[in-house]
Amino acid sequence: MKVILANDGLSQSGIELLEKEGFKVLTTKVAQEQLSNFINDNQVQALLVRSATQVDKSLIDACPNLELVGRGGVGMDNIDILYAKSKGIHVINTPAASSASVAELVFAHLFSGARFLHDSNRNMPLEGDSKFKQLKKSYTNGMELRGKTLGIIGFGRIGQATARIGLAMGMKVLYADHNVEDCTLSVSFFDGQSLTFSMKANSFEEVLQASDFITIHVPAQNGYILGKKEFEMMKTGAGVVNAARGGVLDEVALIDALEKEKLSFAGLDVFESEPTPEIKILMHPKISLTPHIGASTRAAQDRIGLELANQVVSLLG
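Residues numbered from 1 in each chain as written. Predicted model: local features only at pLDDT ≥ 70, side-chain atom pairs only at ≥ 80, totals over all residues. Heavy atoms only, no water.

**A word on the pattern of salt bridges**
Filter applied, for reference: Salt bridges are defined as contacts in which a side-chain nitrogen from Lys or Arg sits within 4 Å of a carboxyl oxygen from Asp or Glu. Think of it this way: any DSSP run of H or I at least four residues long counts as a helix, any run of E at least two long counts as a strand, and we number them from the N terminus.
Inspection of every chain in the model, using the stated rule, returns eight salt bridges. Note that aspartate 8 and lysine 29 form a salt bridge whose closest N and O atoms lie 2.9 Å from each other. Here the residue aspartate 8 occupies a position in the loop between strand E1 (3–6) and helix H1 (12–20), and lysine 29 occupies one in the loop between strand E2 (24–26) and helix H2 (35–41), the gap between them amounting to 21 residues. In this structure, lysine 131 engages glutamate 127 in a salt bridge whose closest nitrogen and oxygen atoms are separated by 3.4 Å.

Here it is as structure tokens:
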């Protein structure tokens with residue numbers, strides 16, 4: 001019986017599928033420094049992780065029986081992919097499973113920022129009974145999303161899922177991506193109807209200059225995608241959302257752009273110094289905040305678990 005360690009958890013549907021196929025699934029959360037000993041002591045052949053567990057060269061070298069490493073999610077910057085493959089280890093992920101969940105969170109942040117929900121939800125419990133009229137006045141200049149331009153930096157699966165929501169809401173959607181020059185997107189509705197949109201890439205600069213809202217959907221980078229120069233190119237009063245990776249957006253420059261009212265708001269699900277975000281970010285009244293939960297819906301976790309399980313069965317079964 002092959003043993004699988006799902007160190008950052010796995011959906012019940014994924015566990016059940018694996019057990020039905022004859023695998024033993026361990027869901028013990030093992031600390032990073034004890035991981036290699038646990039893997040060896042329990043003769044684990046497959047290690048499934050999310051973003052918390054690091055699968056680096058030292059772990060791979062310490063665990064010669066590992067046959068597969070799987071990442072529940074898209075980005076695999078916590079796994080030394082090339083080294084693992086050089087040792088004959090299968091490396092898998094679930095790129096399609098969480099696209100819709102992340103895209104919906106992007107819009108949660110856009111709605112929150114456009115109508116000051118993040119700030120009013122902080123202040124109403126404190127002052128709603130004593131300063132109702134003042135708060136009402138503070139939050140009267142909200143923006144509507146319909147008819148506005150949404151700029152998407154990076155047009156892979158999540159960028160495209162985000163575009164579909166924007167198009168369905170009546171937004172104009174622009175995107176920049178070196179690898180996707182043109183694209184046909186189908187937007188499906190509840191009754192089986194769908195609309196098809198033909199999209200063409202714009203330059204990065206055009207997207208920055210023409211968009212009312214910018215959302216980033218790129219993998220981990222060497223350096224910032226959005227920093228001081230890029231914020232200066234954007235429309236005054238624009239909003240920015242980052243639900244991709246911490247470190248692709250310059251948080252110091254972001255604070256400056258918000259303070260100078262160049263940007264009206266930001267929505268952040270990921271942070272440069274995660275898991276201990278900077279206090280200036282956490283306390284800022286113009287930033288809508290979530291703790292890296294883009295893929296954390298029940299539906300997405302089910303899809304991730306099943307997708308991982310099916311790949312494990314096909315490779316190791």
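**Some points on the sheet that holds strand E7 (residues 172–176)**
Definition in use: A pair of strands is treated as paired once DSSP finds two or more bridges between them. Think of each axis as a best-fit line through the C-alpha atoms, taken over the contacting stretch in the case of a helix, with angles from 0 to 180 degrees between the N-to-C directions. By definition, residues are in contact when any of their heavy atoms lie within 4.5 Å.
With parallel pairing, six strands are arranged side by side in an open sheet as E7-E6-E10-E11-E12-E13. Of all strands in the sheet, those with a lone pairing partner are E7 and strand E13 (287–289), marking the two edges. The mean inter-strand angle of the sheet, taken between neighbouring strand axes irrespective of direction, is 15°. Against the sheet, helix H8 (residues 157–168) contacts strand E6 (149–153), E7 and strand E10 (213–216), and its axis sits at roughly 175° relative to E6.

**Here's the deal with the layout of surface pockets**
Basically, it comes down to this: The pocket and cavity definitions rest on a 1 Å grid over protein atoms only: a 1.4 Å probe that fits but cannot leave marks a cavity, an open set with protein on both sides within 12 Å along at least five of seven lines marks a pocket, and residues lining either have an atom within 4 Å of a point. Grid points are joined across faces, edges and corners, and a volume is the space filled by probe spheres set on the points. Each residue gets one of three labels, nonpolar for Ala, Val, Leu, Ile, Met, Phe, Trp, Tyr, Cys and Pro, charged for Asp, Glu, Lys and Arg, and polar for the others, Gly among them.
Of the voids in this model, the largest pocket is the one considered here, and its volume is about 920 Å³. Looking at the largest pocket, it is lined by 41 residues, and the ones nearest its centre are Ile158, His217, Val218, Pro219 and Ala244. Of the residues forming the lining of the largest pocket, the biggest block, three residues, is contributed by H8. Taken together, the residues of the lining of the largest pocket sort by class into 18 nonpolar, 17 polar and six charged. In this model, the second largest pocket occupies a volume close to 400 Å³. Every residue lining the second largest pocket is counted, 17 residues in all, and those nearest its centre are Ser51, Asp77, Arg245, Glu274 and His292. Partitioned by chemical class, the residues of the lining of the second largest pocket number seven nonpolar, five polar and five charged.

**A short note on the environment of asparagine 78**
Filter applied, for reference: Any residue under 20% of the maximum accessible area for its type is buried, any over 50% is exposed, and the rest in between are partly exposed; the area is computed with a 1.4 Å probe on protein chains only.
Turning to its location among the elements, asparagine 78 is positioned in the loop between strand E4 (68–71) and helix H4 (81–86). Residue classification places asparagine 78 among the buried residues on the basis of a relative accessible area of 8%. The spacing of asparagine 78 and serine 51 is 27 residues in sequence and 6.5 Å in space, taken between C-alpha atoms. With sequence-adjacent residues up to four places away left out, asparagine 78 is seen in contact with Val49, Arg50, Ser51, Thr53, Gln54, Val55 and Arg71.

**Quick look at unusual backbone geometry**
Across the junction of glutamate 274 and proline 275, the peptide omega takes the value 10°, indicating a cis bond. Counting through the fold element by element, proline 275 comes out in the loop between strand E12 (263–268) and helix H12 (279–282). One non-glycine residue, histidine 292, lies in positive phi territory at about 55°. Here histidine 292 is to be found in the loop between E13 and helix H13 (298–316).

**Details of the side chain of glutamine 160**
Tracing the chain through its elements places glutamine 160 in helix H8. Residues within four places of glutamine 160 in sequence aside, it is in contact with Phe155, Cys183 and Leu185.

**What to know about the sheet that holds E2**
The strand order across the open sheet built from five strands is E2-E1-E3-E4-E5, with neighbouring strands paired in parallel fashion. At either end of the open sheet lies a strand with only one pairing partner, and these are E2 and strand E5 (90–93). Each adjacent strand pair in this sheet contributes to an overall mean axis angle of 20°, direction not counted. As defined by bridge partners, strand E3 (residues 44–49) adjoins E4 across four bridges and the pair is classed as parallel.

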